[in-house]
Amino acid sequence: MTIYSIICGFRDFTKINDFMKLKEEYFTEPLGLKMMTTSHDYFSNISDRIDSKRFIEILM
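Since we're looking at a predicted model, the values are computed, not measured.

Undergrad: I would appreciate a short explanation of the packing of aromatic side chains in the present structure.
TA: Two numbers describe a pair of aromatic rings. These are the distance of the centres and the angle of the planes. The full count for this structure, using the stated rule, is three aromatic pairs. Feature note: the residues Tyr4, Phe10, Phe19 and Tyr26 constitute an aromatic cluster, connected by ring pairs.

Shown next, in the form of structure tokens:
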């Protein structure tokens, strides 16, 4: 979901979170989620824990 937001041009976690709240139905229905609990702090925390070099290798 974060990658989708970045592709749409959002670059900071607050804007990514706001975008995902606007598109909540788009994400929750196809993925079978009951609800999305997000915050910009959550995305920032997850981003800090990801090994960016390894992530890019996997993504490619």
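Undergrad: Just checking my understanding: could you explain the nonpolar core for this structure?
TA: Across soluble globular proteins, nonpolar side chains show a tendency to be buried alongside one another. Ile16, Phe19, Met20, Phe27 and Phe43 together form the largest nonpolar core, which totals five residues. Residue contributions to this core peak at three residues, all from helix H2 (residues 13-22). Apart from residues no more than four positions distant in its own chain, Phe19 is found in contact with Tyr4, Ser5, Cys8 and Phe10.

Undergrad: Help me understand the side chain of Ser5 in this model?
TA: By the element assignment, Ser5 lies in helix H1 (residues 2-7). Residue classification places Ser5 among the buried residues on the basis of a relative accessible area of 0%. Look past the residues within four positions of Ser5 in its chain and what remains in contact with it is Phe10, Ile16, Phe19 and Met20.

Undergrad: Sorry if this is basic, but what is going on with the environment of Ile46 here?
TA: By secondary structure assignment, the location of Ile46 is in helix H4 (residues 40-49). With relative accessibility at 35%, the residue Ile46 sits in the partly exposed group. Separated by 21 residues in sequence, Ile46 and Glu25 have C-alpha atoms that sit 22 Å apart.

What counts as what
Residues numbered from 1 in each chain as written. Predicted model: local features only at pLDDT ≥ 70, side-chain atom pairs only at ≥ 80, totals over all residues. Heavy atoms only, no water. Phe/Tyr/Trp six-rings, centres within 6.5 Å; stacked < 30°, edge-to-face > 60°. Core = buried A, V, L, I, M, F, W, Y, C linked by side-chain atoms within 4.5 Å. Buried < 20%, exposed > 50% of the residue type's maximum accessible area, 1.4 Å probe, protein only. Helix = DSSP H or I, 4+ residues; strand = E, 2+ residues; numbered from the N terminus. Contact = heavy atoms within 4.5 Å.

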